[in-house]
Amino acid sequence: MSFFGMFKRSVQGTAPVARERLQVLLSHERTVASESDLVVVLREEILAVIARRVKVEFDNVDVRMNCGEVVSTLTVDIEIPATLDAFTPAHA
Amino acid sequence: MVAKVIVVTSGKGGVGKTTTTAALGAALAQAGQNVAVVDFDVGLRNLDLIMGAERRVVYDFVNVIQGNAKLNQALIRDKRVGTLSLLAASQTRDKDALTEKGVARVMKELRDKFDWVICDSPAGIERGALLAMRHADIAVIVTNPEISSVRDSDRMVGLLDAKTVKAEKDEEIEKHVLLARYDPDRAARGEMLAIDDVLEILSLPLLGVIPESRDVLKASNLGAPVTVASPVSAPARAYKDAARRLTGETVTMTIPSDKRNLFGMLFGGRAA
């Protein structure tokens, strides 16, 4: 920090830094919090639907959300067993 | 009589929730309203101590929920302000002692008895904090002008909008910021977040500004709400103004101060 930088900081105080850090952090956390809630709910509900027919492990359901400025996408990746023994017919 | 239920919450610990619950409760009661203050901090109760009623707790919230005591037996009437009652939390280590059904039943009973029910939330975002906010009509979010407190307040806003009965019915829960431990001199020097900074970041209306003051610790040492222990002190006046705003009165926003002006210094009086 330059001599003048030190001088400026001591005059201005640290509150503006706090304010800026908070604004950046919260704008990020607000989107993440709402996304993660939705992702958690979707993951549970998708798992419940798939599990009625196929045995799926909780860890094998991957739900991701990508928020873009114009378009947001939801990617659901479900890994199911290689053999169909796990398949439960509709009226079993 | 159907009460308004207020939750005093913050996320972060140590910002002044219990002090605020006691002071707002006492201020409303001093104005003639029937008030119950309820401690939701099971296992770490402290509202009884701040209110000076720690030796009068016979039955508590959990006893009422479990049916071992009637609500009337557990309510402790304040000795100084007759219209103020306390429902103490239990000191049990069983965090599940408060059940959702039980809390709903007791809250309904309290609503029928009082004008105001003020729920003192535990810190954190666990079960106790969620139960404290569950039935609230109004949330008072106690915030200190400090980054971790503001961040946690923001988190509480999200929970209030998602996890309360009002939110689940698609109704808006009324939310206010109460800025506590504020030091106007430090804010003016740019050493502390200013009121407008906090309000802008949280985008919530302001219920009041409680200045940092020695009177708060003094009151807690004595076991009395600050509005009772030092009624003309700066924090007491700030809490009384906040209580009047809760009742719908329009009160000009000021930051009460204990500083004496030259006249006051010369004559020993207090400047408003």
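Remember, it's a predicted structure, so these values are computed and weren't measured experimentally.

About the criteria used
Here the residue index of a chain counts from 1 through its sequence in written order. As they are written, the chains are lettered A onward and the ligands numbered 1 onward, keeping that order. Given that this is a predicted model, residues contribute local features only at a pLDDT of at least 70 and side-chain atom pairs are listed and counted only at 80 or more, while totals for whole chains, interfaces and linings are drawn from all residues. No hydrogens and no water enter the side-chain calculation; it runs on all heavy atoms of the structure. Helix numbers and strand numbers start at the N terminus; a helix is a DSSP run of H or I with at least 4 residues, a strand a run of E with at least 2. A simple rule labels every residue: compare its accessible area, found with a 1.4 Å probe on the protein chains alone, to the largest value its type can have, and call it buried under 20%, exposed over 50%, or partly exposed in between. Two residues qualify as a contact provided that any one of their heavy atoms is within 4.5 Å of a heavy atom in the partner residue. The accessible surface values rely on the Shrake-Rupley method and a 1.4 Å probe; as for residues, cover is taken only from the protein chains in view. Computation of the radius of gyration draws on C-alpha atoms, with the globule rule given as 2.2 Å multiplied by the number of residues to the power 0.38. Salt bridges are defined as contacts in which a side-chain nitrogen from Lys or Arg sits within 4 Å of a carboxyl oxygen from Asp or Glu. Identification of polar contacts relies on pairs of N or O atoms within 3.5 Å, with a donor-acceptor requirement for protein atoms, meaning one able to donate a hydrogen and the other able to accept it, and with residues adjacent in sequence counted only if both atoms are side-chain atoms. Gly is put with the polar residues, along with every residue not named as nonpolar or charged; the nonpolar set is Ala, Val, Leu, Ile, Met, Phe, Trp, Tyr, Cys and Pro, and the charged set is Asp, Glu, Lys and Arg. When DSSP locates at least two bridges between a pair of strands, those strands are taken to pair. As used in this record, nonpolar core signifies buried Ala, Val, Leu, Ile, Met, Phe, Trp, Tyr and Cys residues forming a set joined through side-chain atoms within 4.5 Å. Paired rings are identified among Phe, Tyr and Trp, the last through its six-membered ring, by centres lying within 6.5 Å, and are further divided according to the angle between planes into stacked (under 30 degrees), edge-to-face (over 60) and tilted (the rest).

### Quick word on the overall build of chain A
Counting secondary structure elements, chain A contains two helices and two strands. When the helices and strands of chain A are placed in sequence order, the string is α-α-β-β. Expressed as a percentage of its 92 residues, the buried residues of chain A come to 15%. Of all intrachain contacts in chain A linking residues separated by at least 6 positions in sequence, the fraction that spans at least 24 positions is 39%. Surface accessibility of chain A: about 7300 Å² in total, with carbon and sulfur atoms responsible for 59%.

### Comments concerning the overall build of chain B
Looking only at helices and strands, one finds 14 helices and eight strands in chain B. A globule of 272 residues ought to have a C-alpha radius of gyration of about 19 Å, and chain B, at 18 Å, matches this closely. Taken over the C-alpha atoms alone, chain B extends approximately 60 × 40 × 35 Å along its principal axes. Contacts in chain B between residues far apart in sequence, at least 24 positions, make up 72% of those at least 6 positions apart.

### Details of helix 10 (residues 195-202) of chain B
All names here are of chain B. Counting buried residues along helix 10, six of its eight residues qualify, which places the element largely inside the surrounding structure. Here helix 10 has its buried residues at Ile195, Asp197, Val198, Leu199, Ile201 and Leu202. At the C-terminal side of helix 10, serine 203 shows a positive phi close to 35 degrees.

### Remarks on the interface of chain A and chain B
Chain A puts 15 residues into the contact, and the matching count from chain B is 13 residues. On the surface where chain A and chain B come into contact, there are four salt bridges. Residues glutamate 200 of chain B and arginine 19 of chain A are paired through a salt bridge, measuring 3.2 Å at the closest nitrogen-oxygen approach. Remark: the boundary between chain A and chain B carries seven residue pairs in polar contact (both at pLDDT 80 or more). For the side of chain A that touches chain B, the secondary structure elements donating two or more residues are helix 1 (3-12) and helix 2 (15-51) of chain A. Per-element tally for the side of chain A that touches chain B: the top contributor is helix 2 of chain A, with 11 residues. In terms of residue class, the side of chain A that touches chain B is built from seven nonpolar, four polar and four charged.

### Here we look at the pairing of strand 5 (residues 116-120) of chain B
Residues and elements named next belong to chain B. The element strand 5 is extensively covered by neighbouring structure, given that five of its five residues are classed as buried. Pairing of strand 1 (residues 4-9) with strand 5 involves five bridges; the strand directions are parallel. Residue pairing for strand 5: isoleucine 6 is matched across the bridge by isoleucine 118. Pairing geometry for strand 2 (residues 35-39) and strand 5, over five bridges, is parallel.

### Some words on the nonpolar core
All names here are of chain B. One finds Phe40, Phe61, Leu87, Leu98, Leu110 and Val117 to be the most contacted residues of the largest nonpolar core, which totals 53 residues. Dropping the residues within four chain positions of it, leucine 110 is found in contact with Ala3, Ala36, Val38, Leu71, Leu75, Leu87 and Val117. With 40 residues, the next largest nonpolar core counts Ala22, Val142, Ala180 and Tyr239 among its residues.

### Focus: unusual backbone geometry
Residues and elements named next belong to chain B. One non-glycine residue, aspartate 170, adopts positive backbone phi at about 65 degrees. Classification of aspartate 170 as exposed rests on a relative accessible area of 75%. Look at arginine 181: it is not a glycine, yet its phi comes out positive at around 60 degrees. As for its position among the elements, arginine 181 is in strand 7 (residues 174-182).

### What about the packing of aromatic side chains?
Residue and element names in this part refer to chain B. Scanning the model with the defined rule gives one aromatic pair over all chains in all. Taking the centre distance of 5.1 Å and the plane angle of 90 degrees together, the rings of phenylalanine 40 and phenylalanine 61 count as edge-to-face. Taken together, the residues phenylalanine 40 in the loop between strand 2 and helix 2 (47-50) and phenylalanine 61 in helix 3 (residues 61-65) connect sequence positions 21 residues apart. Phenylalanine 40 gets classed as buried once you look at its relative accessible area, which sits at 1%. For phenylalanine 61, a relative accessible area of 0% puts it in the buried group.

### Details of the pattern of salt bridges
Counting across every chain of the model gives 23 salt bridges over all chains. Between aspartate 62 of chain A and arginine 64 of chain A there is a salt bridge; the shortest N-O distance is 2.9 Å. Between glutamate 191 of chain B and arginine 189 of chain B there is a salt bridge, and its shortest N-O distance comes to 2.9 Å. By relative accessible area, glutamate 191 of chain B is classed as partly exposed at 31%. Among the ionic contacts, a cluster of salt bridges with common partners joins Arg19 of chain A together with Asp197 and Glu200 of chain B.

### Points about the pairing of strand 7 of chain B
Residues and elements named next belong to chain B. Strand 7 sits mainly inside the fold: seven of its nine residues count as buried. Where strand 6 (residues 138-143) and strand 7 come together, six bridges link them in parallel fashion. Opposite isoleucine 141, over in strand 7, you have valine 177 as the bridge partner. Bridge count between strand 7 and strand 8 (residues 206-211): four bridges; the pairing is parallel. The residue bridging leucine 179 from the neighbouring strand is valine 209, located in strand 8.

Coordinates in, geometry out; function isn't part of it.
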